[in-house]
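If you want the building blocks of each chain, they are given just below.
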Amino acid sequence: MSRPAHRRPEYHKINKDLFVLTYGALVAQLCKDYEKDEDVNKYLDTMGYGIGTRLVEDFLARSCVRRCHSYSEIADIIAQVAFKMYLGITPSVTCNNASRNEFSLILDKNPLVEFVEELPTGRSSLCYCNLLCGIIRGALEMVHLAADVTFLQDRLKGDRVTEIGITFLKKLDEKKYRRKK
């Protein structure tokens, strides 16, 4: 029996609290497995990168966004559509330089740290939500944009807000990625 052609595929949503607690358990386990914060940060970034390279297909299929023509459009789509779609929040976007290739996403509320009050003792350089940086970097690379994505401020480290910096490095060569006919 086949599906009717007019039905949209159903997307199953995971309970937000379950996701946040599972992520917290993952970070706690990584802190036990790795002595250095840099190793945990790198692992979270690498894990996020893998998620981002796959998540971008779902994002493009579900969001119906059109091709962006500037870095500022891309930053706005990330904040207003992607973050809203996957995390239920809408960060504000600020441009950080005159060449308009550096942007900040300012998160007033970060759902990944909902149950976290402070970083573990002795883990002051841990970027608890570094997974987000990897996801953004991986998704951008899949649409042929090289970017450096890092945390600039973090509430868990005593900052007033959580801020993710995105620096677009250069447009990747699309010809290199096209299939030969």
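Rules of the game
Residues numbered from 1 in each chain as written. Predicted model: local features only at pLDDT ≥ 70, side-chain atom pairs only at ≥ 80, totals over all residues. Heavy atoms only, no water. Helix = DSSP H or I, 4+ residues; strand = E, 2+ residues; numbered from the N terminus. Buried < 20%, exposed > 50% of the residue type's maximum accessible area, 1.4 Å probe, protein only. Contact = heavy atoms within 4.5 Å. Areas by Shrake-Rupley, 256 points an atom, 1.4 Å probe, with all protein chains shown as cover. Axes fitted to C-alpha atoms, helices over the stretch in contact; angles between N-to-C directions. Parallel < 35°, antiparallel > 145°, perpendicular 65-115°, else oblique. Nonpolar A, V, L, I, M, F, W, Y, C, P; charged D, E, K, R; others polar. Pairing = 2+ DSSP bridges. Phe/Tyr/Trp six-rings, centres within 6.5 Å; stacked < 30°, edge-to-face > 60°.

Caption draft 1: Here's a closer look at the overall build of the protein chain. Secondary structure assignment for the protein chain yields five helices and four strands. In the protein chain, the succession of helices and strands from N to C terminus is α-α-α-β-β-α-β-β-α. In the protein chain, which comprises 181 residues, the proportion classed as buried is 37%. A separation of at least 24 residues holds for 59% of the contacts in the protein chain among residues at least 6 apart in sequence. For the protein chain, the exposed area adds up to about 12,000 Å²; of that, 52% sits on carbon and sulfur atoms.

Caption draft 2: Representation of the packing of helix H2 (residues 37-63) against helix H3 (residues 71-87) in the model. It is at 11 Å that the axes of H2 and H3 come closest, and there the two elements cross at 100°. By the angle between their axes, H2 is roughly perpendicular relative to H3. Along its contact with H2, which presents Leu55, Asp58, Phe59, Arg62 and Ser63, the element H3 presents Ile77, Val81, Ala82, Met85 and Tyr86. When grouped by side-chain class, the residues that make up the contact of H2 with H3 number seven nonpolar, one polar and two charged.

Caption draft 3: Up close: the pairing of strand E1 (residues 92-95). Inspection of the sheet shows E1 paired to strand E2 (residues 102-107) by four bridges, in the antiparallel sense. Note that in E2 the partner of Ser92 across the bridge is Ile106. A loop of six residues connects E1 with E2, the two strands running antiparallel in sequence, and Arg100 in this loop sits at a positive phi of about 60°.

Caption draft 4: A look at the environment of Cys68. Counting through the fold element by element, Cys68 comes out in the loop between H2 and H3. What Cys68 contacts, discounting residues up to four positions off in sequence, is Glu73, Ile74 and Ile77.

Caption draft 5: Structural detail: unusual backbone geometry. A positive phi angle, near 60°, is found at Cys64, a position not held by glycine. With respect to the secondary-structure elements, Cys64 resides in the loop between H2 and H3. With a relative accessible area of 58%, Cys64 lands in the exposed category. Its identity as a non-glycine residue notwithstanding, His144 has a phi of 65°, on the positive side.

Caption draft 6: Representation of the packing of aromatic side chains. Under the counting rule described, the total for this entry stands at four aromatic pairs. Between Tyr23 and Tyr128 the ring centres are 5.5 Å apart and the planes differ by 90°, which places this aromatic pair in the edge-to-face class. On the criterion of sequence distance, the pair formed by Tyr23 in helix H1 (residues 16-33) and Tyr128 in the loop between E2 and helix H4 (130-142) is long-range, its members being 105 residues apart. Of the residues examined, Tyr23 reaches a relative accessible area of 4% and is grouped as buried. Looking at Tyr128, the relative accessible area reads 7%, which means it is buried. Among the aromatic side chains, those forming a connected cluster through ring pairs are Tyr71, Phe103 and Phe168.

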